[in-house]
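# A structural walkthrough
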Amino acid sequence: MINYTEKIPNNVDLGRDRVLQRALEHWQPAYLSWWYDMGPNESHNFEVYLRTAISVEPDGWAQFDYVKMPEYRWGIFLQPPDEKRQVNFGIHKGQPAWQDVPGEYRSILRRIVVTQGDTEPASVEQQKMLGLSCPSLYDLRNIFQVNVEEGRHLWAMVYLLHRYFGRDGREEAESLLARRSGDTDNPRILGAFNEPTPDWLAFYMFTFFTDRDGKFQLCALAESGFDPLARTCRFMLTEEAHHMFVGESGVSRIIQRTCEVMKENKIDAPADVRALGVIDLQTIQRYLNFHYSVTLDLYGSDVSSNAANYYTSGLKGRFRETKLEDDHVLRDAMYPVSEVVGDKINTKQVPALTSLNERLRDDYIEEIQAGVDRWQRVIDEAGIPFRLTLPHKGFHREIGNFTGHFISPTGEILSEEQWKAHEFDWLPSPKDYSYVQSLMSGRVAELGKFANWIAPPVKGVNGQPLDFQYVRFN
Ligand code: BYC
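A brief report on the enclosed structure follows.

### Overview of unusual backbone geometry
In this model, arginine 320 sits at a positive phi of 55 degrees, which is unusual for a non-glycine residue. When its relative accessible area of 47% is taken as the criterion, arginine 320 is described as partly exposed.

Written out as structure tokens, the structure is:
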């Protein structure tokens with residue numbers, strides 16, 4: 001069980017390590033000050049119907065109650081240890097899993113933990129203003145749940161930094177509170193986390209596409225031979241599932257509402273759809289193209305010696321590593337990656353070890369495609385002849401083999417002029433953003449009411465009705 005009697009709730013017996021406890025208690029006010037500054041705008045007095053973990057077991061989510069977000073019990077929760085666990089891949093395969101950081105891997109491991117940790121506060125910063133334009137109390141509660149859990153994911157990484165990386169770790173933990181999403185001088189580490197999330201369509205796309213990168217990266221880290229990292233990622237994954245649900249169902253409800261209005265009024269031209277105050281499917285496709293492509297970049301270069309090192313040293317595995325049937329060393333294995341040669345996109349075989357980023361990206365794409373197929377069903381059921389598609393992997397990429405090339409959504413290699421002529425057929429234009437934001441100018445806060453541009457969900461949170469008071473404003 002989680003100990004909530006301590007200042008920092010935890011299931012790692014924090015009280016036994018006074019030095020660590022004091023260091024984290026020192027970091028705690030800095031974290032809160034960051035939350036007051038960069039957490040959801042003007043929300044500090046709201047009471048929000050939030051879930052708080054009571055144990056790390058799968059059914060440990062039983063507790064729902066009204067909580068003021070700055071009083072949320074952020075803490076340190078690791079999956080219980082498995083004494084027999086081993087390093088399951090790479091050159092140390094078969095050795096007992098490490099309970100401490102192996103000296104030779106200290107700096108690369110710290111780097112992985114810092115990169116993971118950096119994304120968590122970044123996403124809270126990106127979503128800071130959205131509470132002011134929520135489509136319902138149900139949705140407002142959901143974004144706040146996502147935000148407090150991203151805050152807890154930051155705690156998870158900061159615990160590892162403080163506990164296992166000494167002074168360097170403490171300095172990194174401070175830097176995690178100092179960088180800012182989108183800041184020119186001190187930005188967040190990874191590209192997608194410096195992009196704005198200016199409206200609720202962008203928020204749902206982000207939680208569908210980018211939080212799912214979170215899932216795949218956490219799954220890869222949950223295989224780590226460094227056992228404390230593996231155990232903390234396993235518990236984070238239970239929180240991540242809700243975030244992806246918010247994204248998938250949010251986009252699905254927007255599509256559903258648009259389709260209803262199109263059918264009722266027998267219209268299909270985007271201008272007519274917009275005139276009725278809902279988001280045209282073409283704009284939804286452009287948002288999809290944007291969020292998909294910036295998220296693909298988060299997997300890193302197609303061919304990466306960093307990725308090979310992470311794997312060989314047993315620090316970061318593949319998706320479902322222990323379920324895969326091969327040697328888990330990848331000495332002779334090959335894997336296909338794409339590259340642009342002249343005016344063609346070719347596939348070539350490269351060592352599987354160096355193409356692990358590409359492989360994880362491919363695993364991700366498979367799952368994303370299944371989600372997009374579920375959105376498509378909503379359109380098909382309404383009898384509307386429109387297809388939502390994932391653009392080509394090379395479309396709008398800034399990391400890896402496609403960088404510097406202009407690739408259309410269907411995979412044609414274009415000149416820069418050709419790209420420019422079509423850019424805003426494929427990606428949201430400033431006009432698209434201002435239209436979407438014009439729909440979201442204020443907060444919809446009456447009980448049970450939903451903004452015109454989104455359908456209500458199928459059911460409420462934790463068995464509560466849709467007209468439940470999910471947030472009390474005070
Ligand atoms: N933007 O060999 P390369 C989540 C850098 S999301 C900017 O290509 P590598 C969440 C790279 O750092 C999951 N820079 O890549 C979701 C390197 O720099 P140096 C987050 C980038 O290292 C929603 C250089 O390019 N977790 O949890 O194999 C809400 C060449 O590196 C980018 C993780 O990412 C980029 N997109 O792989 C909240 C897991 N990509 O060495 C939370 C930990 C690469 O030249 N991170 N670079 O200075 C990793 O495993 C790896 O760092 C990456 C990159 C997969 C990100």
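### Some thoughts on the packing of helix H3 (residues 137–164) against helix H5 (residues 200–221)
Two elements in contact, H3 and H5, have axes separated by 13 Å at closest approach and are oriented at 45 degrees. Here H5 runs oblique to H3, going by the angle between their axes. The crossing of H3 and H5 is left-handed. Facing Asp139, Leu140, Ile143 and Glu150 of H3, the residues of H5 in contact are Trp200, Phe203, Tyr204 and Asp211. In terms of residue class, the contact of H3 with H5 is built from five nonpolar, no polar and three charged.

### Some words on the packing of aromatic side chains
For the structure on display, the rule yields 39 aromatic pairs. Here the aromatic rings of phenylalanine 216 and tyrosine 364 are separated by 5.9 Å at their centres, their planes lie at 90 degrees, and the arrangement is edge-to-face. Pair noted here: phenylalanine 216 is in helix H5 and tyrosine 364 is in helix H10 (residues 356–381), with a separation of 148 residues, a long-range link. Tyrosine 364 sits in the buried class, given a relative accessible area of 0%. Taking the centre distance of 5.6 Å and the plane angle of 50 degrees together, the rings of phenylalanine 395 and tryptophan 419 count as tilted. Placement of phenylalanine 395 in the loop between H10 and strand S5 (406–407) and of tryptophan 419 in helix H11 (residues 416–426) is noted, with a sequence separation of 24 residues between them. Joined through ring pairs, the aromatic side chains of Trp27, Tyr31, Trp34, Trp35, Tyr72, Trp74 and Trp155 make up one cluster. Taking NZ or CZ as reference, arginine 472 lies 3.6 Å from the ring centre of tyrosine 66, over its face.

### Remarks on the packing of helix H8 (residues 281–297) against H10
Taken N-terminus to C-terminus, the directions of H8 and H10 make an angle of 170 degrees; their axes are 12 Å apart at the nearest point. Between H8 and H10, the angle is such that the two are roughly antiparallel. When H8 is examined against H10, the residues Leu281, Leu288, Tyr292, Thr295 and Leu296 are found in contact with a partner set consisting of Arg361, Tyr364, Ile365, Ile368, Val372, Trp375 and Ile379. Across the contact of H8 with H10, the residue classes tally to ten nonpolar, one polar and one charged.

### Let's talk about the site of the ligand
With respect to spatial proximity, 30 residues lie near the ligand, and among them Gln116, Gly191, Ser301, Ser304 and Lys316 are the closest. Within the side chain of arginine 111, a nitrogen or oxygen atom sits 2.9 Å from an oxygen atom of the ligand. The fraction of the free accessible surface of the ligand (1,100 Å²) that becomes covered by protein chains is 81%. Breaking the shell around the ligand down by element, the ones donating at least two residues are helix H2 (106–126), H5 and helix H9 (305–312). Sorting elements by how many residues they give to the shell around the ligand places H2 first, with seven residues. Residue classes in the shell around the ligand are distributed as ten nonpolar, 13 polar and seven charged.

### Some remarks on the environment of valine 372
Within the secondary structure layout, valine 372 lies in helix H10. Through-space distance from the C-alpha of valine 372 to that of leucine 221 is 26 Å; in sequence the pair is 151 residues apart.

Conventions and cut-offs
- Residues numbered from 1 in each chain as written.
- Predicted model: local features only at pLDDT ≥ 70, side-chain atom pairs only at ≥ 80, totals over all residues.
- Heavy atoms only, no water.
- Buried < 20%, exposed > 50% of the residue type's maximum accessible area, 1.4 Å probe, protein only.
- Axes fitted to C-alpha atoms, helices over the stretch in contact; angles between N-to-C directions.
- Helix = DSSP H or I, 4+ residues; strand = E, 2+ residues; numbered from the N terminus.
- Parallel < 35°, antiparallel > 145°, perpendicular 65-115°, else oblique.
- Left-handed = near helix turned anticlockwise from the far one by under 90°.
- Contact = heavy atoms within 4.5 Å.
- Nonpolar A, V, L, I, M, F, W, Y, C, P; charged D, E, K, R; others polar.
- Phe/Tyr/Trp six-rings, centres within 6.5 Å; stacked < 30°, edge-to-face > 60°.
- Lys NZ or Arg CZ within 6 Å of the ring centre and 35° of its normal.
- Near = heavy atom within 4 Å.
- Polar contact = N/O pair within 3.5 Å; in protein donor to acceptor, adjacent residues only side chain to side chain.
- Areas by Shrake-Rupley, 256 points an atom, 1.4 Å probe, with all protein chains shown as cover.

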